[in-house]
Amino acid sequence: QSVLTQPPSVSGAPGQRVTISCTGSSSNLGAGYDVHWYQQLPGKVPTLLIDSNNGRPSGVPDRFSGSKSGTSASLAITGLQAEDEADYYCQSYDTTVRASFVVFGGGTKLTVL
Amino acid sequence: VQLVQSGAEVKMPGDSLKISCQGSGYTFNNFWIGWVRQMPGKGLEWMGILHPGDSDTRYSPSFQGQVTISADKSINTAYMYLSSLKASDTAMYFCVRQGWPWGPVDYWGQGSLVTVS
């Protein structure tokens, strides 16, 4: 069970808009830690898609956007394209009394219909 | 910037494993190096992170006690040591670079495939 909860799968037709949620708690997203998003194409190494809640690294199309509010975050993809079919992961940081550590969501498989 | 990992390994249950990750193209001591596991067909699991400059190390509770992360600053190389291997440790292991522990991963190694059988 991941500390950050994502839907296992989402789907959409080309040109549509889809969103992927990432739900945390008061010890991670709710504590003010940023969320980052990664795209992992089939058989490839993950790449950074959204940095610090809503930043887009150089080269990432503006069809991808991120937001965060309280203990939740979202990744939105507009103008869906076949090449967007991939696994998407959110990442943040968690602090407990005993330890501080990086956490990933369980991942969401995006299918372009 | 490059992170180059050691090659694929085949191990037996109960064995230990050491994977290396050599950084180049940046000041090795100034960035955190982390390790991420991905089991076949599964998601990303963060294992631990180390700052080569001061050896500050943090582990995921899920891997505490089984994994040890270290670095040799003289050769810009980080290591991940995994003990008492089980079949369920079969996975791809990635080293990653982060500017700070709660920051994004900006670079990934190519991955080291480990098979325990």
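Residue positions are counted from 1 within each chain, in the order its sequence is given. Labels follow written order: the first chain is A, the first ligand is 1, and so on. Only residues with pLDDT of at least 70 are given local features in this predicted model, and only at 80 or more are side-chain atom pairs given and counted; all residues enter the totals for whole chains, interfaces and linings. Calculation of side-chain values draws on the structure's entire complement of heavy atoms; hydrogens and water are dropped beforehand.

Here we look at the overall build of chain A
Here's step 1: Only runs of H or I of at least four residues qualify as helices and only runs of E of at least two qualify as strands under DSSP, and these elements are numbered from the N terminus. When helices and strands are tallied, chain A shows 0 helices and 9 strands.
Here's step 2: Overall, chain A shows an N-to-C arrangement of helices and strands of β-β-β-β-β-β-β-β-β.
Here's step 3: Note on method: radius of gyration uses C-alpha positions; expected globular size equals 2.2 Å times residues raised to 0.38. A globule of 113 residues ought to have a C-alpha radius of gyration of about 13 Å, and chain A, at 14 Å, matches this closely.
Here's step 4: By its C-alpha atoms, chain A is 45 × 25 × 25 Å across when sized along the principal axes.
Here's step 5: Relative to its 113 residues, chain A shows a buried fraction of 42%.
Here's step 6: For the area figures, the Shrake-Rupley method with a 1.4 Å probe applies, and any residue is considered shielded solely by the protein chains shown. As displayed, chain A has an accessible area near 5200 Å², and 47% of this comes from carbon and sulfur atoms.
Here's step 7: Charge convention: Lys and Arg are scored as positive, Asp and Glu as negative, and His as well as the terminal groups of each chain are ignored. Each charge is placed at NZ for Lys, CZ for Arg, CG for Asp and CD for Glu. For chain A, the distance from the average position of its 7 positive side-chain charges to the average position of its 8 negative side-chain charges is 3 Å. For every residue, the accessible area obtained with a 1.4 Å probe (protein chains only) is divided by the maximum for its type, and the residue is called buried under 20%, exposed over 50%, and partly exposed between those limits.

Digging into the nonpolar core
Here's step 1: The criterion is simple. A nonpolar core is a set of buried Ala, Val, Leu, Ile, Met, Phe, Trp, Tyr and Cys residues joined through side-chain atoms within 4.5 Å. Core analysis: the biggest nonpolar cluster contains 38 residues, and Trp37, Leu49, Leu75, Ile77 and Tyr88 of chain A together with Val36 and Trp108 of chain B have the highest contact counts within it.
Here's step 2: With 5 residues, the single largest contributor to this core is strand S7 (residues 86-95) of chain A.
Here's step 3: Other than its neighbours up to four places away in sequence, Trp108 of chain B contacts Tyr38, Val45, Pro46 and Phe104 of chain A together with Leu3, Val36, Leu44, Phe94, Cys95 and Val96 of chain B. In what follows, a contact means two residues having at least one pair of non-hydrogen atoms within 4.5 Å.

Structural notes on the state of the cysteines
Here's step 1: Cysteine sulfur atoms are paired as a disulfide whenever they come within 2.5 Å of each other. Within the structure shown, the criterion is met by 2 disulfides over all chains.
Here's step 2: A sulfur-sulfur separation of 2.1 Å characterises the disulfide bridge that pairs Cys22 of chain A with Cys90 of chain A. Where Cys22 of chain A bonds to Cys90 of chain A through sulfur, the torsion about that S-S bond is close to 80 degrees, and the disulfide is right-handed. Pair noted here: Cys22 of chain A is in strand S2 (residues 18-23) and Cys90 of chain A is in strand S7, with a separation of 68 residues, a long-range link. For the pair formed by Cys22 of chain A and Cys90 of chain A, the shared burial category is buried.
Here's step 3: Disulfide pairing places Cys21 of chain B opposite Cys95 of chain B at an S-S distance of 2.1 Å. Its torsion about the S-S bond being 70 degrees, the disulfide of Cys21 of chain B and Cys95 of chain B is classed as right-handed. Here Cys95 of chain B lies in strand S9 (residues 91-98) and Cys21 of chain B lies in strand S3 (residues 17-24), a separation of 74 residues in the sequence.
Here's step 4: Here Cys21 of chain B falls in the buried class, since its relative accessible area comes to 0%.

As for the environment of Thr5 of chain A
All names here are of chain A.
Here's step 1: Along the chain, Thr5 turns up in the segment before strand S1 (9-12).
Here's step 2: Along the chain, Thr5 and Gly105 lie 100 residues apart, while their C-alpha atoms are 5.5 Å from each other.
Here's step 3: Leaving out residues up to four positions away in the same chain, Thr5 has contacts with Ser21, Cys22 and Thr23.

Function cannot be read off these values alone, since they describe shape.
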